[in-house]
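# Inside the fold
Letter by letter, the chains look like this.
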Amino acid sequence: MPKREPPAWEMVLKRNSVERLKHEMFPTELAGQWDRLAQTSYEKLPEEDIVRLQWFGMYHDKPKIGTFMMRVKIPSGILSAEGLRVIGEISETYGRDQGELTTRQNFQLHYITLDKFPEILKKLKSAGLTTMGGCGDVVRNITGCPVAGVDRDEVFDVTPLVAEAAGFFFGNREYSDLPRKHKISIAACQHQCNAPEINCVALIGMVKDGREGFAVRVGGGQSSTPRLSRHLGVFITREQAMPVMRAIIDVWQGTTEYRISRVKARLKFMIDDYGPEEFRRLVEARLGFALENLAVMPIAETESDHMGIREQKQSGLNYVGFPVYLGLMSGRQMREIAALTASFGGDIRLTRRQNFIITGIPTAQLDDVIAQVGAIGFPLDANGLYASSIGCIGDPHCNYAVTPTKTKLATIIERLVNQFGEQVGGLKLNLDGCPHACAQHWTGDIGLQGTTGRGPAGEPLEAFDIILRGGLGKDAAIGKPIIRRVPSAMVEDYVSRLFGTYLERRSANETFTHFCVRTPDADLISIASGDATGANVAAA
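Residues numbered from 1 in each chain as written. Predicted model: local features only at pLDDT ≥ 70, side-chain atom pairs only at ≥ 80, totals over all residues. Heavy atoms only, no water.

Strand order in this open sheet of 4 strands is β1-β2-β5-β4, and the pairing throughout is antiparallel. At either end of the open sheet lies a strand with only one pairing partner, and these are β1 (58-60) and β4 (100-101). With 4 bridges connecting them, strand β2 (residues 68-72) and strand β5 (residues 107-112) associate as antiparallel partners. Across the sheet, the residue bridging to F68 is I112, located in β5. (Pairing = 2+ DSSP bridges. Helix = DSSP H or I, 4+ residues; strand = E, 2+ residues; numbered from the N terminus.)

Since one α-helical turn is 3.6 residues long, residues separated by three or four positions face the same way. Counted at 1.5 Å a residue, the expected span for helix α13 (residues 406-420) with its 15 residues is 21 Å, and the 21 Å between its end C-alpha atoms agrees. Restricting attention to buried positions, one finds in α13 the residues K406, K408, L409, A410, I412, I413, L416, V417 and F420. Looking at the buried positions of α13, the neighbouring elements they touch are α12 (385-388), β15 (390-391), β16 (429-432), β17 (446-454), β18 (460-468) and α14 (491-505). G421 lies just past α13 and shows a positive phi near 60°. (Expected span 1.5 Å × (residues − 1). Buried < 20%, exposed > 50% of the residue type's maximum accessible area, 1.4 Å probe, protein only. Contact = heavy atoms within 4.5 Å.)

A few words on the pairing of β17. Along any regular strand, the residues point their side chains to alternate faces of the sheet. With 7 of 9 residues buried, β17 lies mostly within the body of the structure. As judged from the 4 bridges shared by β16 and β17, these two strands associate in the parallel manner. For L431, the partnering residue across the bridge sits in β17 and is L448. For β17 and β18, the ladder comprises 9 bridges, and the chain directions are antiparallel. By the bridge assignment, I446 is partnered in β18 with L468.

On to the packing of aromatic side chains, then. On inspection of all chains with the given rule, the structure shows 16 aromatic pairs. Here the aromatic rings of Y42 and F68 are separated by 6.1 Å at their centres, their planes lie at 75°, and the arrangement is edge-to-face. Placement of Y42 in the loop between α3 (34-39) and α4 (47-52) and of F68 in strand β2 is noted, with a sequence separation of 26 residues between them. Ring geometry for F169 against Y175: centres 5.2 Å apart, planes inclined by 90°, an arrangement best described as edge-to-face. Each member of the pair F169 and Y175 is classed as buried. Note that R96 overlies the ring of Y111, its terminal NZ or CZ placed 3.7 Å from the centroid. When the ring centre of F235 is taken as origin, the NZ or CZ atom of K208, which lies over that ring, is 5.9 Å away. (Phe/Tyr/Trp six-rings, centres within 6.5 Å; stacked < 30°, edge-to-face > 60°. Lys NZ or Arg CZ within 6 Å of the ring centre and 35° of its normal.)

Here we take up the side chain of H306. Within the secondary structure, H306 is located in the loop between β10 (292-293) and β11 (308-311). Residues within four places of H306 in sequence aside, it is in contact with C145, P146, V147, C189, H191, C193, Y319, G321 and I357.

Turning our eyes to something else, we now look at the packing of helix α10 (residues 331-342) against helix α11 (residues 366-376). To describe two helices that pack against each other, one gives the angle between their axes and the distance between the axes. Interhelical geometry of α10 versus α11 gives an angle of 170° and a closest axis separation of 10 Å. The orientation of α10 with respect to α11, classified from their angle, is roughly antiparallel. On α11, the residues that touch R332, Q333, E336, I337 and L340 of α10 are V369, Q372, V373 and I376. When the residues that make up the contact of α10 with α11 are grouped by side-chain class, the tally is 5 nonpolar, 2 polar and 2 charged. (Axes fitted to C-alpha atoms, helices over the stretch in contact; angles between N-to-C directions. Parallel < 35°, antiparallel > 145°, perpendicular 65-115°, else oblique. Nonpolar A, V, L, I, M, F, W, Y, C, P; charged D, E, K, R; others polar.)

The next subject is the environment of I467. Position of I467 among the secondary structure elements: in strand β18. Residue classification places I467 among the buried residues on the basis of a relative accessible area of 1%. For the pair I467 and I483, spaced 16 residues apart in the sequence, the C-alpha separation amounts to 7.1 Å. If sequence neighbours within four positions are ignored, I467 has contacts with H441, W442, D445, I446, G447, L448, Q449, G479, K480 and P481.

With that settled, consider the sheet that holds β15. If you walk across this open sheet you meet the 5 strands as β15-β16-β17-β18-β19, and the pairing is mixed. Both outer strands of the open sheet, β15 and β19 (480-487), are each paired with one neighbouring strand and no more. Sheet contacts for α13: β15, β16, β17 and β18; angle to β16, the most-contacted strand, approximately 155°. Here α14 sits on the sheet and contacts β17, β18 and β19; the angle it forms with β19, its principal contact strand, is near 140°.

Note that all results are geometric; they support no functional claim without further evidence.
As structure tokens, then:
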């Protein structure tokens, strides 16, 4: 039974403007109206059409002068050399030679105009790529382990299922009118590098009684109301995966309960209301059969972004994970990486932490390839913080950001690297410019969220909240905003003091997050602000 009386559709359409515009003209119908859109000056475009463009993977850039961010979906982050070459050419021709990797294994380009979009779509289609459903109330890019199919330690290869799911959901009208966006992740990675804890639905590869299949997690997400996904309590076979994913979505989208308020529309709120046990019952009723019980879901012991040199399961071949400073790549760099990778028949894999991996490198060519990638601008021997830090795009492009992000992350990285050297490598530093948490600040070692503060005379200041104690894996937790509204100019000092005191006071093998967990809030605030040297923090 529903937890509340589902509202009538008339009420939904009255209260929810996005549901109303979808009802009046479904967003994908814009596909036949590019001439009208291109010939209409930006300031005269209906706001409803601007929203509908999200279904084509487009958001208006900041400032709103008629240029757009365009998101290219890369399922599981697996991209051919030809695909990267095409994206690079589009960036150079239409996007001012800029591009960025995202935490959902997409590429984003900026400065795209509507008059050029149809020809861009054709170029992408020629390489087997699409922007459709990059944004909007749809199944978003399906993420996974970037080294699926080549990693020697994977439980089994899930690339066929990822391809099947992407082929089914992407552009499927039946799954393009959801209450809100829906995020799926599928992987059989020993390290669970795809962050199943923060997806709406995650299939986690495992073997039970000699059978390959999946544990299922539901209801994860970040933004202003973060949730860790919860164990559905089932084991599903490979053959059941597609029906189960469909049933989960159908149960959620089949009620109007979560269509009145956009703020409460995500699947995580349905899991909050019903709980995993009752939600499982609804899914089984939709399927028409009971699912097999699974008492304990698999949890990764360690995290990994697959950086560095690793032997593949394919004899004589290797993959190498390269750090991408700030997650930024120019179109020229994309083309050069693509050409290099094509020369030995490899491909490119995008990671959740905004880095890339080149696969299929013959052992005899390893040194040469690493040297060439370094010359292009991605040295393998860069400090580990270059690979482990994440920044959302933020200012200057994002209309939601209230602070700079990439530039601010750069100054923090520079400070930490100069002060602590290799000791800071691997610190998960996640910086966002707003509460939407695209850079996943709730689950970093140190999360930073842009906000506003006040100066001595009451003047507005750019500021950041500092979130600590978050993480993924065996100690998964949503972080806590410990230190509020730190003026932007002081953030480097605060972060430096926190990490420096950790190095001084840590016990053997203690992680930064474990240090923060055992340290009281008041002491962390004192340490960060410089009011104390950490003397009040008891040594372990």
